[in-house]
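So you can see what is in the structure, the chains are spelled out below.
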Amino acid sequence: MSGSGVTREGLHAVAPGSDATTAVGTGPGGSDLAERRWRRRRRGEAPMVPEATFRSYYGKPVINRPVWQAPDIPGYLFLGGLAGAGSVVAAGAQLTGRPGLSRVLKLGATGAAGLSFAALVHDLGRPGRFLNMLRTFKVTSPMSVGSWLLTAYGGAATVAAASEVTGMARPVGLAATVAAAAVGSGVATYTAALISNTAVPAWHDGYRAMPFLFASSAMSAAAGLGLVGAPLGEVAPVRRLGVVTGLGELVLTKVMERQSGLAREAFEEGRAKRYGQAAEVVTLAGVVLAAAGRERRMLSALGGAGLLAGSALTRFAVFEAGRNSADDPRYTIVPQRQRLEARRAAAT
């Protein structure tokens, strides 16, 4: 301690050791420099050091890309919606005395359900993996609920279609038609909850509008199927339905993208952009042709085909946008920081 002295401020002329406490205070009790910084923040002054810009580790994605593959999963999303909504419209057609329309939609819904199940199993790799999902029922899991909905719906829709084709067991067929319509509404929309309940930014951030978009898209596809296959004299209700839901699909797509915040940029990249632009053009053409085909069978069928294709392209666009947003770490980290800053601002 030679050459040093003890003063009221502490030791004088003594170099601090490696274990000395540094001035790291962040409030009035810290060092003078820290105290001045703290007071500047309290007064809202701009910091001298700029905020750090966003970076991720070597630019790598923060979350894993969805392992689901195209065209299996976007096809599954489209076909499941078509099947569920088709059964809803088929029940309405049967109850209002439109047998031709009801028949087309029952058969089409059953075929779409079978193809949807095949696409799902193909993506899973083997049927046993789907059966494993039926071992339990978890109401908080969209995948668990969806698996049971798809199973129950498939049975009811198949019975309804079989009764329609054979003409046998009409009361049973009617009961199955009503049951398929009741379960079909869930089949048409649960996939929105399924993909929104993930960490994929473009899907998760658009969760408020996505169920409405999928419902409108599914009903547009069902109306399109009716316009393509049913007699012209029975399609007036589905023509109006197709026009309304087709326009609704276009509007809700924009609403969902806007609600996605920064992740809306993912809809303007690569395949998602191309699918989205094609969906807009084809759906709008389908709406116009369907409205103009009141007395012309060809125009009516072309309008229905446009609505079907537009619905499918919308699902592919949503799927590809999710992939884009998972690949770019900005869509994960930047919104998290914005939410954190907002909570801090609300707490002060």
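This one's a predicted model, so the numbers in the text were calculated from it and none came from an experiment.

Let us look at the overall build of the protein. Tallying secondary structure elements over the protein gives 12 helices and 2 strands in all. Relative to its 348 residues, the protein shows a buried fraction of 42%. Within the protein, counting contacts between residues at least 6 apart in sequence, those at least 24 apart form 73% of the total. Carbon together with sulfur atoms contributes 61% to the accessible area of the protein, which is approximately 18700 Å² in total.

What follows is about the confidence of the model for the protein. In the predicted model, the protein carries a mean pLDDT of 86, and 83% of its residues have values of at least 70. Within the protein, the lowest mean pLDDT, 49, falls on strand β2 (residues 10-12), and the highest, 97, falls on helix α10 (residues 270-292). Here residues 18-31 is modelled with pLDDT under 50, and outside its nearest four sequence neighbours on either side it reaches 10 contacts, counting other chains as well.

A few words now on the packing of aromatic side chains. Scanning all chains against the criterion turns up 4 aromatic pairs. Residues W68 and W203 carry aromatic rings whose centres are separated by 5.9 Å and whose planes lie at 20° to one another, so their mutual orientation is stacked. Of the two residues, W68 sits in the loop between α1 (32-43) and α2 (72-95) while W203 sits in helix α7 (residues 201-204), which places them 135 residues apart along the sequence. W203 matches W68 in its accessibility class, with the two residues each being buried. Through successive ring pairs, a cluster of aromatic residues spans W68, W203 and F319. Of note, R315 hangs over the ring of F214, and the distance from its end group to the ring centre comes to 4.3 Å.

The next thing to look at is helix α8 (residues 210-229). End to end, α8 covers 29 Å across 20 residues, agreeing with the expected 28 Å (1.5 Å per residue, within 8%). Most of α8 sits inside the fold, with 14 of its 20 residues counted as buried.

What follows deals with the packing of α2 against helix α3 (residues 99-124). Contact geometry for α2 and α3: axes closest at 7 Å, N-to-C directions at 155°. As the angle between them shows, α2 and α3 are arranged roughly antiparallel. Of the two elements, α2 crosses α3, and the hand of that crossing is left-handed. In terms of residue class, the contact of α2 with α3 is built from 16 nonpolar, 7 polar and 3 charged.

Bringing unusual backbone geometry into the picture now. Residue P71 is bonded to the preceding A70 through a cis peptide linkage, with omega at 5°. Its location among the elements puts P71 in the loop between α1 and α2. You will see that A169, though not glycine, has its phi angle at about 50°, which is positive. For A169, the position within the fold is in the loop between α5 (142-166) and α6 (170-196). For A169, a relative accessible area of 46% puts it in the partly exposed group.

What follows concerns the environment of G226. Within the element layout of this structure, G226 appears in helix α8. With a relative accessible area of 0%, G226 lands in the buried category. Non-local contacts of G226, meaning those with residues more than four positions away in its chain, are made with L101, L105, V235 and V238.

Criteria and cut-off values
Residues numbered from 1 in each chain as written. Predicted model: local features only at pLDDT ≥ 70, side-chain atom pairs only at ≥ 80, totals over all residues. Heavy atoms only, no water. Helix = DSSP H or I, 4+ residues; strand = E, 2+ residues; numbered from the N terminus. Buried < 20%, exposed > 50% of the residue type's maximum accessible area, 1.4 Å probe, protein only. Contact = heavy atoms within 4.5 Å. Areas by Shrake-Rupley, 256 points an atom, 1.4 Å probe, with all protein chains shown as cover. pLDDT = per-residue confidence, 0-100. Phe/Tyr/Trp six-rings, centres within 6.5 Å; stacked < 30°, edge-to-face > 60°. Lys NZ or Arg CZ within 6 Å of the ring centre and 35° of its normal. Expected span 1.5 Å × (residues − 1). Axes fitted to C-alpha atoms, helices over the stretch in contact; angles between N-to-C directions. Parallel < 35°, antiparallel > 145°, perpendicular 65-115°, else oblique. Left-handed = near helix turned anticlockwise from the far one by under 90°. Nonpolar A, V, L, I, M, F, W, Y, C, P; charged D, E, K, R; others polar.

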